[in-house]
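A structural walkthrough
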Amino acid sequence: SFEKLSKTFRQMNRYKEDFTAEELGRMQTEVTGRICASCNQCAICWEENTTPMYQVLYRFLQALQRGADVNESAQELEQYCPYKDEMIEQIMLVFEKAHLNMAWYNRLQENRDVIAQQLDAMAYIMEDCANEEQDVTAREGKLAATMRYAWKERGITVEQLRILENSHGKWQIYFQGKTRGTKCISVKEMAKIISSVSGRSFKPVKDSKALLGAKSMSLLFCESCRLTAYYGVAKAIRDDEQVSGDNFSFQMLDNGSCIMSVSDGMGSGYAACKESEMVIDLIEKFMEAGFLPDTALRMMNSAMVTHGENNLFSTVDLMRLELDSGIAEFYKIGAAVTFIRHGDEVRVVEQSSLPVGVFAGQKVPKITQKLENSDFVVMVTDGVLEHLHVENANQTMQEIIRAVTTNNPAQFAREVLDQVLLFTGGRVRDDMTILTAGIWER
């Protein structure tokens, strides 16, 4: 239903770039109604079948529409109309009003496009939510019995146990129970027991209780991934500002993916910070809700188009890493290049596009890379690259990143920023942010 409603909105859209012959005719009628109706020469100019005034006015309006020089049309008009100046003034007023109306009409169509995109995204997330995890407890009855027995030996009473499998084949273990007597057991120890008997690696979900005690509680364990990631960040604020216009985010999601993102607000100071903070906040909420990045970015872009406060825009640099496969998807909207260090090689990921919120129909191309154990991903804002004052900023950054020896992501980012500041003489002419992520096998 949502998809059909979205299609209906899209079919309503008919953007206008030029006026039709009928619309130009209506403008001509409006002009003559204002000027010629009270003129004593009206009958001479308009009622004769051979009058050239129709063609003269039409050519004048066409010249305005094309953005061409109207001096020639004005001279032609002067030959036939004694009130040339008043006529031209009215033509300009009528044309400007029609042009403004067309701009508002196209803005209405753009808002319909925005609504259609939001409906598409809602259709996607509703369909995704409808694909619930499959309960495979009965199918894995032997494993469930083994878990119960292993926990029983550790003094744990199992009240309820369910094994769930999602669409990606990943398992989740739902447990409800308590310990016997007054003893407690670590939830991480329980996860180790599950891993031992199942042959799969499990961990408690984020924000779980640390201990299971004599009071019954519910716990959820999710299958962990082959890779893990840690991040570090280094920032420098523009010399004449108090706050940075850059913001960043790093998320480890329960669905087995890692999200890192950087947003650079246009300009600097509080206004730029507020704009980029809004972008990062929207990204975090969409990703936590389960949207894929391209859907989330389209929804965020449409939200920023309608927001449009003071014509401020922000860049978006986003990476989504599948922690099982190591496949990384990069999405760039007006963002600077990203660097990937793999051994002694430093690869560059770049994509040219406008900042977020410029227009509703913006497409977000995806760039795919494979990441391995001990790889580093380095995201930077344009303030880092634009003030190196070298012939090839990307190549210089590759050399700086290649020379870093630490495996600590925070220290990695700090060392890169220190090297960049050597090139700028310690001055910070624009906000600088360096976000790094180190990838390792568990």
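Preceding block: the structure.
One structure accompanies this document, and this report is about it. (Residues numbered from 1 in each chain as written. Predicted model: local features only at pLDDT ≥ 70, side-chain atom pairs only at ≥ 80, totals over all residues. Heavy atoms only, no water.)

Time to look at a nonpolar patch on the surface. A surface patch of nonpolar side chains, about 270 Å² in accessible area, is lined by Val390, Leu422 and Phe423. Secondary-structure assignment places Val390 in the loop between helix H11 (382–386) and helix H12 (393–403). Residue classification places Val390 among the partly exposed residues on the basis of a relative accessible area of 31%. (Patch = residues over 30% accessible without salt bridge, like charges linked within 9 Å, V, L, I, M, F, W, Y side chains within 5 Å. Areas by Shrake-Rupley, 256 points an atom, 1.4 Å probe, with all protein chains shown as cover. Salt bridge = Lys/Arg side-chain N within 4 Å of Asp/Glu carboxyl O. Helix = DSSP H or I, 4+ residues; strand = E, 2+ residues; numbered from the N terminus. Buried < 20%, exposed > 50% of the residue type's maximum accessible area, 1.4 Å probe, protein only.)

This part takes up empty space enclosed by the protein. In total, this model carries two cavities of 30 Å³ or more according to the counting rule given. Counted as a void, the second largest cavity has a volume near 60 Å³. Residue lining of the second largest cavity: Val262, Asp264, Thr315, Val316, Asp317, Gly334, Ala335, Ala336, Val380, Thr381 and Asp382, and that is the complete set. Counting residues per element, the ones that place at least two in the lining of the second largest cavity are strand E10 (257–264) and strand E11 (316–322). Looking at the lining of the second largest cavity, its residues break down into five nonpolar, three polar and three charged. (1 Å grid on protein atoms, 1.4 Å probe; cavity = no way out; pocket = protein on both sides within 12 Å on 5 of 7 lines; lining within 4 Å. Points joined across faces, edges and corners; volume = space filled by probe spheres on them. Nonpolar A, V, L, I, M, F, W, Y, C, P; charged D, E, K, R; others polar.)

This part takes up the sheet that holds strand E2 (residues 156–165). Within the open sheet, the five strands sit side by side as E1-E2-E3-E7-E5. Their pairing is antiparallel. Sheet topology places strand E1 (134–135) and strand E5 (202–204) at the edges, where each strand pairs with a single neighbour. Sheet analysis places E5 next to strand E7 (residues 217–223), joined by three bridges and oriented antiparallel. Across the sheet, the residue bridging to Pro204 is Phe221, located in E7. Where helix H7 (residues 141–153) meets the sheet, it contacts E2 and strand E3 (171–179), and its direction lies at approximately 150° from that of E2. This element, helix H8 (residues 187–198), spans E2, E3, E5 and E7 of the sheet and lies at about 160° to E5. (Pairing = 2+ DSSP bridges. Contact = heavy atoms within 4.5 Å. Axes fitted to C-alpha atoms, helices over the stretch in contact; angles between N-to-C directions.)

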